[in-house]
Amino acid sequence: MDRYTADNLANWNAVVGKAGCNSHRHRLLGIALDVARDTADRLGVDARFVVSDLYASPLTTGSMIPQRQQIPPMGETMRVGTSMTDVVGNTPVVQLHKVVPNGAADVFVKLEWFNPTGSYKDRMALAMIEEAERRGDLRPGMTVVEYTGGSTGSSLGYVCAVKGYKLKVVSSDASAEEKLRTMRAFGADLTVLKSDGGMVTPDLHDRLIDQASKFAAEPDTYWTDQLNNADSLVGYRTIGLELLEQMDRPIDVFCAAVGTAGLAMGVSAGLAEGGSDARIVIFEPASTPFITKGEAGTHGVEGIGIGFRPPLLDERRYDEARAIDESDGRAMARRLAAEEGLLAGISTGLNVTGAIDIAKELGPEHTVVTVAVDTGLKYLAGDLFST
Ligand SMILES: Cc1ncc(COP(=O)(O)O)c(C=O)c1O
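These numbers come from a predicted model, not from an experiment. (Residues numbered from 1 in each chain as written. Predicted model: local features only at pLDDT ≥ 70, side-chain atom pairs only at ≥ 80, totals over all residues.)

Trainee: Before we move on, can you summarise the nonpolar core with the specific residues and values?
Mentor: Of all hydrophobic cores here, the largest spans 87 residues; its most connected members are Phe 254, Cys 255, Ala 256, Ala 264, Ile 282 and Val 368. Looking at which element gives the most residues to this core, the answer is helix H12 (residues 346-362), with seven residues. Built from parts of two domains, this core gets at least three residues from each of domain 2 (87-119 + 235-379) and domain 3 (138-228). Apart from residues no more than four positions distant in its own chain, Phe 254 is found in contact with Val 267, Leu 271, Ala 278, Ile 280 and Val 369. (Core = buried A, V, L, I, M, F, W, Y, C linked by C-beta atoms within 7 Å. Buried ≥ 20, exposed ≤ 12 C-beta atoms within 10 Å, placed from the backbone. Helix = DSSP H or I, 4+ residues; strand = E, 2+ residues; numbered from the N terminus. Domains from an automatic or database assignment. Contact = placed C-beta atoms within 7 Å.)

In structure tokens, the structure reads:
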């Protein structure tokens, strides 16, 4: 049967029964469209068909959907998950235009705020929890413990909420209030330490880690210990693999700012695994140039510049480290919103500032890729977008 009509609709149970698990929804969509077209024909209505189905695929674009429809090919469509942990990853990539000067390489940004809590940390949190479950280190009834600038805690909060673990988190008032509230919303038991006037100072991480290690000494706890946990690379590796699938050209440089360095190291591994020879460039805030100069300082960029060398940072997995001015990163975050419609956080501003510097050096016919770490909605109550 080539086409379904209102009259032969009764046949579709049999059709769906025969169709495979993957294809039956596409088949259903096609049937629904055919029936809609048939009904419109009978009524003499010049109808437009808008496909809002999540399973649009080449099968449906092929024979059954009117030519004027633009259906994204399979893989670019959203999936339907059975739980919130099924919808991590597969984030879109967008090219920047207005903030990139003429004569520079093309700059692309992978929009990681499309993850459930609006941050790439969801990939890491899910990987840390599921790898621990797989090894048997984390079992039902246990409490997960972590210190966090706020993003990892929010991501762990959502994963623990889905999986039914209790979560005990140590954070500080240097983190955005939105992130602290997000952790509480997911049901985390939150301890907030006082920072030095809302700034990230070298001693802050020591105090966070010290408090977390005390919680982790309690029975039936599992400390995800993000700074030392290579499971995060399992989660971030997929960004590299996705990029190679998404981009229609070679990537010359992938660059990103580092906190734990999990993202940069994981993406580097994924790109290498997929056969890319992209150069990997890492960034840190210029006011705490520990990786580039061995000097720790104070800064206001949440999540990066931890004041010491992150244990996950592996010299074999990056080519160059650069220090970027925090104020340039903040200005770029504002320009990204106002000129590109890309509302992201401060570390994203830093990533794009560094990516554009590299793009200017490389010139046309080259491609630089970085990530939008998280959504700017997490920073609306702070000073980033207050002027
Ligand atoms: C907002 C933000 N940007 C960047 C980073 C750095 O990512 P990574 O720890 O993977 O190096 C983090 C990590 O906490 C973060 O929260």
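Trainee: Please set out the site of the ligand residue by residue, giving values where relevant.
Mentor: Close to the ligand lie 18 residues; Gly 259, Thr 260, Leu 263, Gly 303 and Ser 347 are nearest. At three residues, the largest contribution of residues to the shell around the ligand is made by helix H9 (residues 262-273). The residue makeup of the shell around the ligand, split by class, is seven nonpolar, nine polar and two charged. Looking at which domains feed residues into the shell around the ligand, each of domain 2 (87-119 + 235-379) and domain 3 (138-228) gives three or more. (Near = placed C-beta within 6 Å. Nonpolar A, V, L, I, M, F, W, Y, C, P; charged D, E, K, R; others polar.)

Trainee: Kindly report on the sheet that holds strand E2 (residues 106-111), identifying the contributing residues and their values.
Mentor: The six strands lie next to each other as E1-E2-E10-E7-E8-E9, forming an open sheet whose pairing is mixed. The sheet terminates laterally at strand E1 (93-95) and strand E9 (320-324), the two strands that pair on one side only. Each adjacent strand pair in this sheet contributes to an overall mean axis angle of 30°, direction not counted. Pairing geometry for strand E7 (residues 253-257) and strand E10 (residues 367-372), over two bridges, is parallel. Bridging from a neighbouring strand, Val 253 pairs with Val 368 of E10. (Pairing = 2+ DSSP bridges. Axes fitted to C-alpha atoms, helices over the stretch in contact; angles between N-to-C directions.)

Trainee: Account for the sheet that holds strand E4 (residues 166-172), with residues named and values stated.
Mentor: One open sheet holds the four strands; their spatial order is E5-E4-E3-E6, and the pairing between them is parallel. At either margin of the open sheet sits one strand with a lone partner, and together these are strand E5 (189-193) and strand E6 (221-223). Across the sheet, the axes of successive neighbouring strands diverge by a mean angle of 20°, strand direction being ignored. One ladder, built from five bridges, connects E4 with E5; its direction is parallel.

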